[in-house]
Amino acid sequence: MPLVDMGDMLRHAYTHRYAVGAFDLVSLDFLQAIIEGAEACDAPVILSLAESHFAYFDLELLMPAVEAAARRSRVPVAIHLDHGASLESARRAIALGCNGVMVDTSSQPFAANVARSAEIVRMAHACGVTVEGELGYVPGVEGEDAERHPGALVYTTVEEARDYVAQTGVDCLAVSIGTVHGHMRGTPELDFERLAAINAALRLPLVIHGGTGLGETQFRRLIEHGVAKINYYTALSEAAAAAIRRRALQTDAGGYTGLVRDVQAAIRAEVERCIRLWGGAGRAADVLAQCRPWHNVEHVILYNTAGMADADAHAMMAEGQRVLAAIPGVRQVAVGEAVDEAARYRYCWLIRFSAQPVISAYKHHPDHVDFADRLFRPVAADRVTVDFALRSHNQELS
Ligand code: 13P
């Protein structure tokens, strides 16, 4: 069960002055290691999927595993899209199970960043999903050396941060105060005065990108000044790579499984080190008690079609699947036919929503209204509709 509302999780961290680790994952080894690391610390954790990594795995295949791992875990978990490329990326990530999204429009001029972020917020909040905004520019791509990437660091200013949050309604804000993604040549100099001023002005959970390479004191001071989420990847990737290199030097390392044998332990050790350093250890029970659980909703419609040939009914269903599946917050559209021909209802729709707010957003969405009024309701007057909050999944019983 322990998928929880990401906004609630971050507000808990902000109020109690610790930071949740948002660890980018690129494989099952990362997923298992991150969850086990969080469980070993009894800490909340964010499983983060960065769009820059989608070249290395199929998100559609990985997400069911991410969701299963989250639901099965003993600690509270949120699932986040990191550095999404577009509104459509965010919609797709929500459909696949994310309950937090960040679409990176920070390289755009202020007004464009505000306009695009506000659009993301409208869509995501209608799905009950938390939104992270970013202001300023943190150079680099997670997992690669920042200096290979163009663009100098642009610091977040207090005035822009205040205006941006007021105009967009984001739930948390990633700030640029001197970190880079990947490694920086020399020691990163962080502008704590700027961070303190932003925190005093916003009173909102702040996010740091580019966690790799920062020292213990720097992390402590970041958290003192309102950082409640730390994005972290490169160090995990390096720990995994080092473990593989060590094995590869052995003549009897064996095949693939031999080479990756130590990868999970290496990632897990780094995850644990970070979680303890960032103050998350021992918080799981309190987070579970204080944060809203994240429940999908099943929108169930049982119906009969009056005077309609089977082929026409099937065509109507196919059209419905195509149109309804694209509505924000819709995770799945299944159609079914009664096994027993004498059943009270012949057909069903099972439409899975990401969370409760989607019930209303879906009902009023123009694509739903058009399909329902034009193709469905006229032939399906005999129907019953119920929304169910899904409280339990069978993998939790194991
Ligand atoms: P690092 O790769 O520097 O740890 O940063 C990760 C990150 O910020 C992902 O968004």
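Provided above is the structure to which this section pertains.
Described in the following lines is the structure provided in the data block.

Each value, and the rule that gives it
- Residues numbered from 1 in each chain as written.
- Predicted model: local features only at pLDDT ≥ 70, side-chain atom pairs only at ≥ 80, totals over all residues.
- Heavy atoms only, no water.
- Helix = DSSP H or I, 4+ residues; strand = E, 2+ residues; numbered from the N terminus.
- Rg over C-alpha atoms; globule rule 2.2 N^0.38 Å.
- Buried < 20%, exposed > 50% of the residue type's maximum accessible area, 1.4 Å probe, protein only.
- Lys, Arg positive; Asp, Glu negative; His and termini not counted.
- Charge placed at Lys NZ, Arg CZ, Asp CG, Glu CD.
- Expected span 1.5 Å × (residues − 1).
- Contact = heavy atoms within 4.5 Å.
- Pairing = 2+ DSSP bridges.
- Axes fitted to C-alpha atoms, helices over the stretch in contact; angles between N-to-C directions.
- Patch = residues over 30% accessible without salt bridge, like charges linked within 9 Å, V, L, I, M, F, W, Y side chains within 5 Å.
- Areas by Shrake-Rupley, 256 points an atom, 1.4 Å probe, with all protein chains shown as cover.
- Salt bridge = Lys/Arg side-chain N within 4 Å of Asp/Glu carboxyl O.
- Polar contact = N/O pair within 3.5 Å; in protein donor to acceptor, adjacent residues only side chain to side chain.
- Parallel < 35°, antiparallel > 145°, perpendicular 65-115°, else oblique.
- Nonpolar A, V, L, I, M, F, W, Y, C, P; charged D, E, K, R; others polar.
- Near = heavy atom within 4 Å.
- Core = buried A, V, L, I, M, F, W, Y, C linked by side-chain atoms within 4.5 Å.
- Phe/Tyr/Trp six-rings, centres within 6.5 Å; stacked < 30°, edge-to-face > 60°.
- Lys NZ or Arg CZ within 6 Å of the ring centre and 35° of its normal.

Quick notes on the overall build of the chain
Along the backbone of the chain there are 15 helices and 12 strands. The C-alpha atoms of the chain give 23 Å as radius of gyration, which agrees with the globular expectation for 398 residues (21 Å, within 12%). Buried residues in the chain amount to 54% of all 398 residues. Counting 36 positive and 49 negative side-chain charges, the chain places the averaged centre of each group 3 Å from the other.

Thoughts on helix α9 (residues 234-248)
The first and last C-alpha atoms of α9 sit 21 Å apart over 15 residues, in line with the 21 Å expected at 1.5 Å per residue. Listing the buried residues of α9 in full gives Thr234, Ala235, Leu236, Ala239, Ala240, Ala243 and Arg247. Contacts made by the buried residues of α9 are with β1 (20-24), α2 (28-41), β8 (227-232), α10 (256-259) and α11 (263-277).

A closer look at the sheet that holds strand β10 (residues 330-337)
Spatially, β10-β11-β9-β12 is the arrangement adopted by the four strands of the open sheet, whose pairing is antiparallel. In this open sheet, the two edge strands, each paired with only one partner strand, are β10 and β12 (382-389). Strand after strand, the sheet turns through a mean of 15 degrees between neighbouring axes, direction not considered. Inspection of the sheet shows strand β9 (residues 297-304) paired to strand β11 (residues 347-353) by seven bridges, in the antiparallel sense.

Some thoughts on a nonpolar patch on the surface
Taken together, the side chains of Leu302, Val384, Val386 and Phe388 make up a nonpolar region of the molecular surface, amounting to roughly 280 Å² of accessible area. In terms of residue count, the dominant contributor to the nonpolar patch is β12 (three residues). In this structure, Val384 sits in strand β12.

With respect to the sheet that holds strand β4 (residues 100-103)
Read around the closed barrel, eight strands run β1-β2-β3-β4-β5-β6-β7-β8, paired in parallel fashion. Strand after strand, the sheet turns through a mean of 25 degrees between neighbouring axes, direction not considered. As paired elements, β1 and strand β2 (residues 45-50) share three bridges and run parallel to each other. Looking across to β2, one finds that Ala22 is bridged to Ile46. Helix α3 (residues 59-72) contacts β2 and β3 (77-84) of the sheet and is inclined by roughly 180 degrees relative to β2. The strands touched by helix α6 (residues 158-168) are β5 (130-135) and β6 (172-175); relative to β5, the strand with the most contacts, the crossing angle is about 150 degrees.

As for the side chain of Asp171
Among the structural elements, Asp171 can be located in the loop between α6 and β6. It turns out Asp171 is buried and unbridged, and the closest side chain with the opposite charge, Arg11, is 4.7 Å from it. Only 2.8 Å separates the side chain of Asp171 from the side chain of His125, close enough to count as a polar contact. At 2.7 Å, the side chain of Asp171 forms a polar contact with the backbone nitrogen of Val131. Excluding residues that lie within four positions of it along the chain, Asp171 makes contacts with His125, Val129, Thr130, Val131, Leu204 and Pro205.

Concerning the packing of helix α14 (residues 357-364) against helix α15 (residues 366-376)
Close contact between α14 and α15 brings their axes to 5 Å; oriented N to C, the two are set at 60 degrees. When the axis of α14 is compared with that of α15, the two are oblique. Taking contact as the criterion, the partners of Tyr362, Lys363 and His364 in α14 are, on α15, Pro366, His368 and Val369. The residue inventory of the contact of α14 with α15, partitioned by class, reads three nonpolar, two polar and one charged.

Examining the site of the ligand
Near the ligand, the surroundings consist of 16 residues, among which Asp82, Gly210, Thr212, Tyr233 and Thr234 are the closest. The separation between an oxygen atom of the ligand and a polar side-chain atom of Thr234 is 2.5 Å. When residues of the shell around the ligand are traced back to their parent elements, those giving at least two are β3 and β8. Looking at side-chain class alone, the shell around the ligand contains three nonpolar, 10 polar and three charged residues.

Concerning the nonpolar core
One finds Phe23, Leu49, Leu173, Leu222, Trp278 and Trp349 to be the most contacted residues of the largest nonpolar core, which totals 106 residues. In this structure, Leu222 is in contact with Ile177, Leu190, Phe192, Leu195, Ile208, Leu214 and Val227, ignoring residues within four places of it in sequence. Core analysis: the next-biggest nonpolar cluster, separate from the first, contains 17 residues, Ala22, Ala78, Cys172 and Val287 among them.

Describing the packing of aromatic side chains
Both the distance between ring centres and the angle between the ring planes are used here to describe each pair of aromatic rings. Within the structure shown, the criterion is met by 13 aromatic pairs. Directly above the ring of Phe192 sits Arg221, whose terminal nitrogen or CZ lies 4.2 Å from the centroid. The ring of Tyr345 has Arg344 lying over it, and the distance from NZ or CZ to the ring centre is 4.4 Å.

Details of α11
Spanning 15 residues, α11 covers 22 Å between terminal C-alpha atoms, matching the ideal 21 Å at 1.5 Å per step. Of all the residues in α11, the buried ones are Val263, Ala266, Ile267, Glu270, Val271, Glu272, Cys274, Ile275 and Leu277. In this structure, the buried residues of α11 make contact with β1, α2, α8 (216-224), β8 and α9.

Some remarks on the pattern of salt bridges
Tallying each qualifying case throughout the model produces 23 salt bridges. Here Glu132 ties to Lys229 by a salt bridge, and the two come within 2.6 Å at their closest N and O atoms. Of this pair, Glu132 sits in strand β5 while Lys229 is found in strand β8, placing the two residues 97 residues apart along the sequence. The class of Lys229 is buried, set by a relative accessible area of 0%.

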